[in-house]
Amino acid sequence: MDAPMERALRVDVQRQPDVVVVTVSGSATMEMSAELNDRLIETVQDPIPLLVIDLAELDFVCSEGLGAIVNAHLKCMRQGGCIRLAGPTKPILELLDLTRLSKLFSIFPTVDEAIKA
Amino acid sequence: MARLPLDQDSQAIELVIPSQLPAAKKLERAVLAELEGQRFPEVCRFATKLALEEAITNAIKHGNRNDPDKHITLRFRVTPQEAEIWVADEGEGFDPNRVPDPTLDENLNKPNGRGIMLMRAYMDKVGYNQTGNEVRLIKFNRR
């Protein structure tokens, strides 16, 4: 019997004035976390005041995927910007709480609320 | 991927794969298919998938030091009551009790070091052999 297929990782970047929204959907698995890291680092290559990562469609993330978000946070912070997380589902929020990354990041129910905060 | 039958009493399956992510991913699917077959709920499958990914990543990166010529050995046994998984690498091993706690304030900013903590948080039992190059994971089927 085959296990149910996981949704492929997808990273979409939307640049708006003063804010960049990155939508991460699917599964940030051990195989795909390097790609997530590359896309996030590429996004914060130039200084941006605010990066919102939309996690509403993120099904799964391993520690390497969490590490990619922390990496982007460090780079963004060094350049005077900040990262906010939006819309994590219950299992992803639980992961953020267990790792205490919910202390490192501000987390909002929606992208709009993260932008307006 | 070599598949070796173990003794019939244990009902365990052993798989030996190259120390590479694509091969490891196939192995992960094989384990998760067994859990699906034994009707483990989604929450248990999520937890086992996460712990397995952490164990495999540690085996490839830290145990086998990204050497694609080395191997990972995975054994698993899934019953309607529980899933038991062993992941072994060819490294020298380590002392899991000396790994820094990633949830301490001073470590929150570090990109790495959360794997062992996540395995412990999501599985019902986690143990290492004496050398520290094999981890044993157990998840109970709580329907």
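What counts and how
- Residues numbered from 1 in each chain as written.
- Chains lettered and ligands numbered in written order.
- Predicted model: local features only at pLDDT ≥ 70, side-chain atom pairs only at ≥ 80, totals over all residues.
- Helix = DSSP H or I, 4+ residues; strand = E, 2+ residues; numbered from the N terminus.
- Rg over C-alpha atoms; globule rule 2.2 N^0.38 Å.
- Buried ≥ 20, exposed ≤ 12 C-beta atoms within 10 Å, placed from the backbone.
- Contact = placed C-beta atoms within 7 Å.
- Expected span 1.5 Å × (residues − 1).
- Arc of directions from axis to C-beta.
- Core = buried A, V, L, I, M, F, W, Y, C linked by C-beta atoms within 7 Å.
- Nonpolar A, V, L, I, M, F, W, Y, C, P; charged D, E, K, R; others polar.

Student: A description of the overall build of chain B should follow, citing residues and the corresponding values.
Tutor: Across its full length, chain B carries three helices and six strands. A compact globule built from 143 residues would reach a C-alpha radius of gyration of about 15 Å, and chain B, at 15 Å, matches this within 12%. Across its three principal axes, chain B shows a C-alpha extent of roughly 45 × 35 × 30 Å. Counting the 143 residues in chain B, one finds 34% classified as buried. Long-range contacts, defined as pairs at least 24 residues apart, comprise 62% of the intrachain contacts of chain B with a sequence gap of at least 6.

Student: Describe unusual backbone geometry, and please don't skip the residues or the numbers.
Tutor: Phi angles above zero are rare outside glycine, and A:Asp18 is one such case at about 70°. Its 9 C-beta neighbours within 10 Å are what place A:Asp18 among the exposed residues. One non-glycine residue with positive phi stands out, namely B:Asn66, at about 60°. Its location among the elements puts B:Asn66 in the loop between helix H2 (42-63) and strand S3 (71-78).

Student: Before we move on, could you go through helix H2 (residues 63-78) of chain A and cite the residues and values that matter?
Tutor: Residues and elements named next belong to chain A. Its 16 residues place the ends of H2 22 Å apart at the C-alpha level, agreeing with the 22 Å of an ideal helix rising 1.5 Å per residue. Among all positions of H2, only Ser63, Glu64, Gly65, Leu66, Gly67, Ala68, Ile69, Val70, Ala72, His73 and Cys76 are buried. Note on H2: the residue one or two positions beyond its end, Gly80, has a positive phi of about 90°.

Student: Account for helix H3 (residues 90-98) of chain A, naming residues and giving values.
Tutor: Helical geometry: 3.6 residues make up each α-helical turn, so side chains three or four residues apart lie on a common side. Residues and elements named next belong to chain A. Within H3, the full set of buried residues consists of Ile92, Leu95 and Leu96. For H3, the angular spread of buried residues about the axis comes to 95°, placing them on one side. In the segment just after H3, Arg100 is the residue with positive phi, at about 65°.

Student: Which residues make up the nonpolar core, and what values do they have?
Tutor: Within soluble globular proteins, side chains that are nonpolar generally end up buried alongside one another. Residues A:Ala28, A:Ile53, B:Ala51, B:Ala55, B:Ile56 and B:Val87 are the most contacted members of the largest nonpolar core, which totals 65 residues. In terms of residue count, H2(B) provides more of this core than any other element does, nine residues in total. When near neighbours in sequence (up to four residues on either side) are disregarded, A:Ile53 contacts A:Val22, A:Val24, A:Ile69, A:Ile83, A:Leu85 and A:Ala86.

Student: Please give an account of the interface of chain A and chain B that cites residues and values.
Tutor: In this assembly, 23 residues from chain A lie in contact with 25 residues from chain B. Elements with a minimum of two residues in the side of chain A that touches chain B: H2, H3 and helix H4 (101-104) of chain A. Looking at which element gives the most residues to the side of chain A that touches chain B, the answer is H2(A), with seven residues. Each residue belonging to the side of chain A that touches chain B can be placed in one class, and the counts come to 13 nonpolar, five polar and five charged.

Student: Tell me about the environment of B:Pro18, and please be specific about residues and values.
Tutor: All names here are of chain B. With respect to the secondary-structure elements, Pro18 resides in strand S2 (residues 13-18). Linking Pro18 and Arg45, residues 27 residues apart in sequence, is a C-alpha distance of 24 Å. Setting aside residues up to four positions removed in sequence, Pro18 forms contacts with Ala23, Pro68 and His71.

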